[in-house]
Every structure is written in structure tokens, then in C-alpha cells.
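Structure at a glance
So the chains spell out like this:
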Amino acid sequence: MTAARLWRPGARGWLGILLMGPSAITVAFLIVFPLARALDLSFQKIRISRVGGARLPFTLDNYTRALGNDEFWNAAEISLAFVLLVTIGCFLIGIAAALMVNQRFPGRRIARLLVALPWAVPEVVAATIWAWMFDGSFGVINWLLLKLDLISGPIAWLSQPHEAFAVCTVALIWSGYPFVAVMVLAGLQAIPEELYEAARMDGAHAWQRFRDVTLPALRPVCAIAMVLVVLRVIRDFATVYVITGGGPVGATRSLAVYTYEQAFSFYNIGYAAAVGLITLLLCAAFSTMVVRRQVAR
Amino acid sequence: MRKQTLPALAAFIACAVLLFPVWWMLVTAVAPPDDIRAYPPVFFPTHPSFAAFHSILYDRPMLRWIANSLIVAAMSTALTMVLGVLGGYALSRFPSRTTRAVGMSVLLAKMIPTTLLVIPLYVLFREAGLLSTLASAALAHCTVTIPFAIWMLKAYFDSIPFELEEAAAIDGNTPLGALWHIILPVSLPGLGATALYAFILSWNEFAFSRTLLFSAPDNWTVTIGIASIRGEYIISWNEIMAASAIVAVPIILVFVWLERYLVVGLTAGAQK
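Residues numbered from 1 in each chain as written. Chains lettered and ligands numbered in written order. Predicted model: local features only at pLDDT ≥ 70, side-chain atom pairs only at ≥ 80, totals over all residues.

**Here's the deal with the overall build of chain B**
What chain B contains, in helices and strands, is 14 helices and zero strands. In chain B, the succession of helices and strands from N to C terminus is α-α-α-α-α-α-α-α-α-α-α-α-α-α. By its C-alpha atoms, chain B is 75 × 65 × 30 Å across when sized along the principal axes. Counting all 272 residues of chain B, 48% fall into the buried class. Nonlocal contacts in chain B, meaning residues at least 24 apart in sequence, comprise 74% of its contacts between residues at least 6 apart. (Helix = DSSP H or I, 4+ residues; strand = E, 2+ residues; numbered from the N terminus. Buried ≥ 20, exposed ≤ 12 C-beta atoms within 10 Å, placed from the backbone. Contact = placed C-beta atoms within 7 Å.)

**Side note on the overall build of chain A**
Across its full length, chain A holds 13 helices and zero strands. From first element to last, N terminus to C terminus, chain A shows the α and β order α-α-α-α-α-α-α-α-α-α-α-α-α. If you line up chain A on its principal axes, its C-alpha atoms span 80 × 75 × 35 Å.

**Re the domain arrangement of chain B**
One frequently used descriptor of interface size is the decrease in accessible area upon assembly of the parts. All names here are of chain B. Each assigned domain of chain B is listed with its residue range as follows: domain 1 (2-49) and domain 2 (61-270). Relative placement of domain 1 and domain 2: their C-alpha centres are 32 Å apart. Counting residues at the interface gives seven residues for domain 1 and six residues for domain 2. Of all the elements in the fold, those that place two or more residues in the side of domain 1 that touches domain 2 are helix 2 (20-30) and helix 3 (33-36). Within the side of domain 1 that touches domain 2, the residues separate by chemical class into six nonpolar, one polar and no charged. (Domains from an automatic or database assignment. Nonpolar A, V, L, I, M, F, W, Y, C, P; charged D, E, K, R; others polar.)

**Description of the environment of Gly 270 of chain A**
Residues and elements named next belong to chain A. Its place among the elements puts Gly 270 in helix 13 (residues 269-296). Residues Gly 270 and Phe 134 lie 136 residues apart in sequence; the distance between their C-alpha atoms is 36 Å. In contact with Gly 270, other than residues within four places in its own chain, are Leu 41, Ser 42, Gln 44, Lys 45, Ile 46 and Asn 62.

**Section: the nonpolar core**
Formed by 172 residues in total, the largest nonpolar core has its most connected members in Trp 130, Val 180 and Ala 181 of chain A together with Ile 119 of chain B. Counting residues per element, this core draws most heavily on helix 8 (residues 161-189) of chain A, which supplies 17 residues. Those residues in contact with Val 180 of chain A that lie beyond four places of it in its chain are Cys 90, Phe 91, Gly 94, Ile 95, Ala 225 and Val 229 of chain A. (Core = buried A, V, L, I, M, F, W, Y, C linked by C-beta atoms within 7 Å.)

**Quick look at the packing of helix 4 (residues 70-102) of chain A against helix 10 (residues 206-235) of chain A**
Residues and elements named next belong to chain A. For the pair helix 4 and helix 10, the least separation of the axes is 9 Å and the interaxial angle reads 140°. Overall, the two elements helix 4 and helix 10 adopt an arrangement that is oblique. For helix 4 against helix 10, the interelement crossing comes out right-handed. Of helix 10, the residues touching helix 4 (which contributes Ser 79, Phe 82, Val 83, Val 86, Thr 87 and Cys 90) are Met 226, Val 229, Val 230, Val 233 and Ile 234. Within the contact of helix 4 with helix 10, the residues separate by chemical class into nine nonpolar, two polar and no charged. (Axes fitted to C-alpha atoms, helices over the stretch in contact; angles between N-to-C directions. Parallel < 35°, antiparallel > 145°, perpendicular 65-115°, else oblique. Left-handed = near helix turned anticlockwise from the far one by under 90°.)

**Details of the interface of chain B and chain A**
Each partner contributes residues to the interface: chain B has 79 residues there, and chain A has 82 residues. Counting residues per element, the side of chain B that touches chain A draws most heavily on helix 14 (residues 237-270) of chain B, at 14 residues. Classifying every residue of the side of chain B that touches chain A gives 56 nonpolar, 18 polar and five charged.

**Concerning the domain arrangement of chain A**
For chain A, the assigned domains are domain 1 (1-32) and domain 2 (43-296). Here the C-alpha centroids of domain 1 of chain A and domain 2 of chain A sit 38 Å apart.

**Some thoughts on unusual backbone geometry**
Residues and elements named next belong to chain A. Going from Gly 247 to Pro 248, the amide bond is cis rather than trans, its omega being -10°. Along the chain, the position of Pro 248 falls in the loop between helix 11 (238-243) and helix 12 (255-264). Despite not being glycine, Asp 149 shows a phi value in the positive range, around 65°. Looking at the element boundaries, Asp 149 is found in the loop between helix 7 (140-147) and helix 8. Using a count of 7 C-beta atoms within 10 Å as the deciding quantity, one classes Asp 149 as exposed. Here Tyr 267, not a glycine, exhibits a phi torsion of approximately 65°, which is positive. As for its placement among the helices and strands, Tyr 267 is situated in the loop between helix 12 and helix 13. By the C-beta count within 10 Å, which is 16 here, Tyr 267 ends up partly exposed.

**Considerations on the environment of Leu 117 of chain A**
Tracing the chain through its elements places Leu 117 of chain A in the loop between helix 5 (108-115) and helix 6 (123-133). When the 17 C-beta atoms within 10 Å are taken as the criterion, Leu 117 of chain A is described as partly exposed. In sequence terms Leu 117 of chain A and Ser 175 of chain A are 58 residues apart; their C-alpha atoms lie 9.3 Å from each other. Apart from the residues within four sequence positions on either side, Leu 117 of chain A is in contact with Leu 19, Val 22, Ile 252 and Phe 255 of chain B.

**Description of the environment of Pro 95 of chain B**
Mapped onto the secondary structure, Pro 95 of chain B falls in the loop between helix 5 (62-93) and helix 6 (97-108). In this structure Pro 95 of chain B comes out as partly exposed when scored by C-beta crowding, with 15 C-beta atoms within 10 Å. Between the C-alpha atom of Pro 95 of chain B and that of Trp 180 of chain B, which follows or precedes it by 85 residues, the distance is 19 Å. Residues contacting Pro 95 of chain B, with those up to four places away along its chain left out, are Gly 16 of chain A together with Arg 100 of chain B.

**Side note on helix 2 of chain B**
The complete set of buried residues in helix 2 of chain B reads Pro 21, Val 22, Met 25, Thr 28 and Ala 29 of chain B. For helix 2 of chain B, the angular spread of the buried residues around the axis is 130°, confining them to a single face. (Arc of directions from axis to C-beta.)

**A short note on the confidence of the model for chain B**
Residues and elements named next belong to chain B. Across chain B, the average pLDDT comes to 89, with 95% of residues at or above 70. Per-element averaging of pLDDT across chain B places helix 3 at the bottom with 81 and helix 12 (residues 207-213) at the top with 96. Model confidence for the complex: the whole-complex pTM is 0.92, and ipTM, which rates the interface, is 0.91. (pLDDT = per-residue confidence, 0-100.)

Written out as C-alpha cells, the structure is:
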């Protein structure tokens, strides 16, 4: 019987490949092939209007230009600052939220749901909400800070470099912390209760139990969450672009926004491809580093 | 009971603070225009007005943006589900070095900056005459949705006992027949959650859509539309928050409804 033969071990390998085939081909067309094209573009001094004509001579110009360029390093610095601040913020709020809703209290299920809710708000929408809350004239944040006497007059958040950067950071944290909270909560629930009991028997205080039982057990989950949060921040375009467009005077122009601007505002598509590929290399290096360390443990 | 009041209270306050932006979106969307400039701000609208919804829906092409977003999301979800089911089934039931290699490399797509990938996609779609069409955005969204769907469905198929297929094999089914007749019917919750999540990813997407569709305003999606209102010289915060509410509230409701499935699927996918 043909049907029975298909289930045999010899046929199974081929079946898997056959089933995976359509995805593999699609991904090749939509990701691998385009990436190769981007690589090719990055080695040409080419503008968007020339693309499709004869191939221009090979050059490393785009890469040398990027690495010797203040704008590029400025963008790299801003991306790094976003990554550091947003990751710290996401983990502080995310872990605190997870610990909070891991306790036993009435309405805990609803609290778990609500804590994760910003996740469901589309990035573009989240960005516009924060832009409105930080509005210089009628924004609710200015009102709050004035009320608390923390500032003496309204701040024009989005037209000043540091302030605009802070607004983007807040928005990115708000969209990013729920993922950490959900992951950490799943990790907390996987810790066996016996570990805590054993620690209690040894006379460990709440803080010691947290430090010696909870934190080590959460390490693998946190490592994964960290990789994904960092990648998300480096790759973010929507949040920053909608809030500030990369301004004022480049104060929020991250690598992603810089890549986009070079490609589609200034049409330096070869240069933009080079900047984008450098960003990809940074992402890949960072992810492998964390995953390696995690595996080595 | 006493011991539980404090955590409950803390959780309530924390949720109120963390979710204030969502509340503020809704309040602004229904605020009469005077309330927007009110000092102190009006936190609980006493005279809700739906003027902003009216003007966003009838004076601006919001309905067209919504229709475009729905079409793009439907197209990318359909393609994603076909490929995701086959790929996820392969990874779950017929793992080999090759399938795993494809599965892993698909995950690496998570590292590629959208702003990088969109450059060659823009060029390729332009050469293929697809630029500014809804199909171009749908295909671009698939670069995000396919990898995640394959792994989310693999995790779901893993939870289905293999005996089901053994029985199907004895009954004379081919593997594809078993997938179609036996596995898919019992996987409907997983399929639904995956499809919905793919749909949401596409509905929310901005960078690809904005680049590929920007030159054709008739084909703008909701996210491009909202960003364009945000970019206007005098921003009508009522209208933009009304538009935001229209875009976000359905997603929030789906999330509330399906939270358990979505969270399980996502954390499973994230651990790979």
C-alpha cells in the first residue's frame, strides 16, 4: 500500500523536507534573496533612481563613509542609549509587575491580564498617545509635573533634544515591559514551591529567598527576554518615527531611523543598505553572545 | 483575607497607572473640543461627544484605510497559515536536520532590522511592478508572520498525541491526509489563535507599509493614516485619538478574550 509506505522512516525525512519546502522557498524569496540584494547594493555608490540600471563598480565606500561619519556614530550612540535605558526600564517594571501579580489576592486573574495589556496596543497608537500626553501646550504630563511642583513652567518636550529622547524612551518601555512581565511570570510559576520551603527551613528571609531562589531560577527566562527586548529596541522604527521623526536635530535618530532617512528621504540607497547591514551585524553579534553565555552555563 | 488586601490594592493602583495612557486615549477621543484645552485636564468626561469619530470616519479616508488594512492582513494571514501549518507540522512530526535548519534560520529573521529589509524589498517590488500595491505590503508582512506561525503551530502540534496519526495510518491515510482529516480538526483553537495573532501583527505593522505604500494614498493602511494625521501642522488630538481608538480597541478586546492562548503561544515561540 502506498499510504503505508509514506509513513516509513525512510520516507519521513523526505516528507518533512517536502512540507517545509513552501516555507523555505517563500522565505528565500522574501528574506534571503532580498538580503543578498541589499548586500550587493551596499557595495555600490548608488542612489535610488539608478537602481535597476547597469551594476555600478564594486566599492567599499559606503562602509568607510559610515564608519568615518559623525552622523553614523551619533545614531549608533542613540541606539545604544535607547537599548540600555529601555531594557533596564522594561526589566524593572516587568519583574515588579510579575512579582506583584504572582501573589495571591482576589482579582489576580484580571490583574494579570491588565498588567500585560499595553502589549495589545499597536506601536503607532502607543506612540501617538505618548506624543499627546507629552504635548507641550495641553499635555497631561506637564499638568501633572506642574501640579507636583517638579517644574516651574510647561516644557516643550518634543522640541528639545534630551526631553524628546526621554519621551521616546518612556513610550518604548511602556510597549516593551508587558513582554518581560509575561515571560517572568511564566518563569516564576515554574519554580517549585519546595525550593522556597527548603529556603524557609534554612531560615532565609524574604529578600534572601528572592535573591537565592527566585533570581537564579529566572536567569534563563530573563536571558531570552533580554535578547528579544534588545532586538526590538534596536529595530524599532515606528515608535521613534511617529513621536519625533528622529528630531529635534537628530537627538532621537537611532540607527533604524537613520537607515530609513538615508534610503527614502535622501535616496542614498547603497549607503543606507550598508548602515542597515552594520546594524544587522550588531544584532547578530549581541544575540549569539547572550545565547552562548546562556548555553555555557 | 486581611493579608490579601494590600497586594490587591497595590495591584489596582499599579494597573491604574500603567493603563492610564489607554484611558487617556479613550477620554480624548470622546472629549468635546473645549475639554482638550481645559486646565486642569478633564479626566472623566461628563459630556461625551462623538464628533471626533464622525469627522474621522466621514471627513477623512479612515474607512478606506480600515478596508486596506483588513485586505492586507487577510492576505498575509492566509498565506502565513498555509505555509505555517505545513512547516509547523514538518517540524513537529518529521524533524530532520534539514527541516530543523530551515526552522532555525527562519527564526533568525527576527534579528533583521525592518528598515534594512525594506530597502531591497522596495527595489524588488518596484522592479516587479508591485510597488504601492496592497499585495506588496502583505508579502512584506509575511516576513514577520511566517517565522512566528511555524513555531507557534509546531508547539501546538507537539501537544497532540502521536497515536492519532498512528491510528490514521492504520486506516490507510497518507501523512497529508492525516494532517487534513485528523490533526487540523483537533487543532482549531491553536489555528485560530495563530491566525488571529498573524492578523494582528499585520494590522499593527508600520515600517513596511509606510515605505511600500506611501506614494499611493488610496492604498494607505490605518497605521500610515494615523501617522499622517500626527504629522499635520495643527494636530487635531480628538480626531487622532478617535482613530487610534478605532484601531486599538478591537485588538485590545481580542487580547482580553484570548489572552491565555496568545500568551501560551508566544512564550512557547520565544523560548526557541
